[in-house]
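So the chains spell out like this:
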Amino acid sequence: MELEELSANPLHKIKWKPPKTTETVDPRVVVNPRQAQELLTAVTYVGRRAVAGG
């Protein structure tokens, strides 16, 4: 549109509405403090390799 290569903005033809959201958090999908700590600990090991010979 900015380069005036289109005669009309094609985005106006899209019919889209944002999805409905809820204010409540489902506790089944949220990690608990123990799980969060274990995850953060595990992340510290990502990419580490043993040094050969010593």
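Presented here is an overview of the structure given in this document. Model, not experiment: these values are computed from the prediction. (Residues numbered from 1 in each chain as written. Predicted model: local features only at pLDDT ≥ 70, side-chain atom pairs only at ≥ 80, totals over all residues. Heavy atoms only, no water.)

**What to know about a nonpolar patch on the surface**
Inference 1: Among the surface-exposed residues, Leu-11, Ile-14 and Trp-16 lie close enough to one another that they form a single nonpolar patch of about 400 Å² accessible area.
Inference 2: Inspection of the secondary structure puts Leu-11 in the segment before helix H1 (33–43).
Inference 3: When its relative accessible area of 59% is taken as the criterion, Leu-11 is described as exposed. (Patch = residues over 30% accessible without salt bridge, like charges linked within 9 Å, V, L, I, M, F, W, Y side chains within 5 Å. Areas by Shrake-Rupley, 256 points an atom, 1.4 Å probe, with all protein chains shown as cover. Salt bridge = Lys/Arg side-chain N within 4 Å of Asp/Glu carboxyl O. Helix = DSSP H or I, 4+ residues; strand = E, 2+ residues; numbered from the N terminus. Buried < 20%, exposed > 50% of the residue type's maximum accessible area, 1.4 Å probe, protein only.)

**Notes on the pattern of salt bridges**
Inference 1: Evaluation of the coordinates by the stated rule reveals two salt bridges.
Inference 2: Between Arg-28 and Asp-26 there is a salt bridge, with the nearest N and O atoms lying 2.7 Å from each other.

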